Amino acid sequence: MTDLDTPLHEVDLLLEPRLQSPGAAPRISGRVTLGTPLVRPLEAGTVSADPGWREFLEAQAADNDYLMLSVYCSFRAAPNGDPIVDAAVGVNLQAPGEPADRQPIAWSISPKHRVRTVPRTGRIALTANLTVAEAAIEYAPQGNREDLFLVGMGERDSDPEWRFRAVSGQPLIGDEELTIVVKKPAGVPARADISLAATIRHRRLGLIPYRADLPAVLRTVELGAGTPGR
């Protein structure tokens, strides 16, 4: 659940500097909000819901620290109607000065996917040898289907990310809490660098990519050194 005491920050979206799009707004406000990232150490004495977790943490305590990093993310509609069609939130975990085999990783992430229900329309497209042409799949039966609007990836890696996209008839609007269980070597200082990008469909200019101008409190999160020599 989202911590209601987490400060929320409205962040601006900046036009990607490599893009030459005369007329595109160089800065857009009021579309994305991020909460101050929360970091909670996971220790055997404080994890009570699952005895298996406690046993796992006790066995790992001498070699590794585990922390929970949570970020609250919210997308809002635009007054002029220009929708966000996709977005990505990335987290780069690193322990500066440490070798590659001692870098922190996303031990687990949540959510791994979210779906929204959209109407089924159209038909099933087949090729000459009666195989389904997947790129052109449409559905004839009445009813609904579920489309992915959020996918999380990068579990057991140092650069997890979540990708959002609008689905048919449903704009990219709403709130989501993104959570990583971080594994890092015990006692090693580490940090998480956060980034956000989004694509907006402008009525006159089409699809224009933007990146978030994140303040320092959102951009870099210190994960702490843990307890050396445990």
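Counting starts from 1 at the beginning of each chain's written sequence and moves along it residue by residue. Only residues with pLDDT of 70 or above have their local features reported here, since the model is predicted, and side-chain atom pairs are shown and tallied only from 80 upward, although totals for entire chains, interfaces and linings are computed over all residues. To obtain the side-chain values, all non-hydrogen atoms of the structure were included, while hydrogens and water were left out.

A few points about the side chain of S74
At step 1: Topologically, S74 is positioned in strand β4 (residues 64–75).
At step 2: The buried label applies to any residue whose accessible area, calculated with a 1.4 Å probe on protein chains only, is under 20% of its type's maximum; exposed applies above 50%, and partly exposed to all values in between. S74 sits in the buried class, given a relative accessible area of 1%. Note on conventions: DSSP H or I runs of at least 4 residues are helices, E runs of at least 2 residues are strands, and numbering of each starts at the N terminus.

Some thoughts on unusual backbone geometry
At step 1: A cis amide bond links S110 with the next residue in sequence, P111, at an omega value of -5 degrees.
At step 2: By secondary structure assignment, the location of P111 is in the loop between β6 (105–110) and β7 (113–119).
At step 3: Phi angles above zero are rare outside glycine, and R156 is one such case at about 65 degrees.
At step 4: Positionally, R156 belongs in the loop between β8 (144–153) and β9 (161–165).

Some details on the confidence of the model for the chain
At step 1: A residue's pLDDT is the confidence the predictor assigns to it, expressed on a 0 to 100 scale. Scored by pLDDT, the chain has a mean of 82; 78% of the residues are at 70 or more.
At step 2: Mean pLDDT in the chain bottoms out at β7, which sits at 70, and peaks at strand β5 (residues 84–94), which reaches 97.
At step 3: Any two residues whose heavy atoms approach within 4.5 Å are treated as being in contact. A low-confidence stretch, residues 124–141 stays under pLDDT 50, and its non-local contacts, those more than four residues away or across chains, total 24 contacts.

Observations concerning the pattern of salt bridges
At step 1: The salt bridge definition used is simple: a Lys or Arg side-chain nitrogen within 4 Å of an Asp or Glu carboxyl oxygen. Counted by the stated rule, this structure contains 10 salt bridges.
At step 2: In this structure, the salt-bridge partner of E155 is K112, at a minimum N-O distance of 3.3 Å. Of this pair, E155 sits in the loop between β8 and β9 while K112 sits in the loop between β6 and β7, and the two are 43 residues apart along the sequence.
At step 3: Note that R191 is salt-bridged to D193, the shortest N-O span being 3.2 Å.
At step 4: A relative accessible area of 18% means that D193 is categorised as buried.
At step 5: Here the residues in one salt-bridge network are D12, R27 and D213, joined through shared partners.

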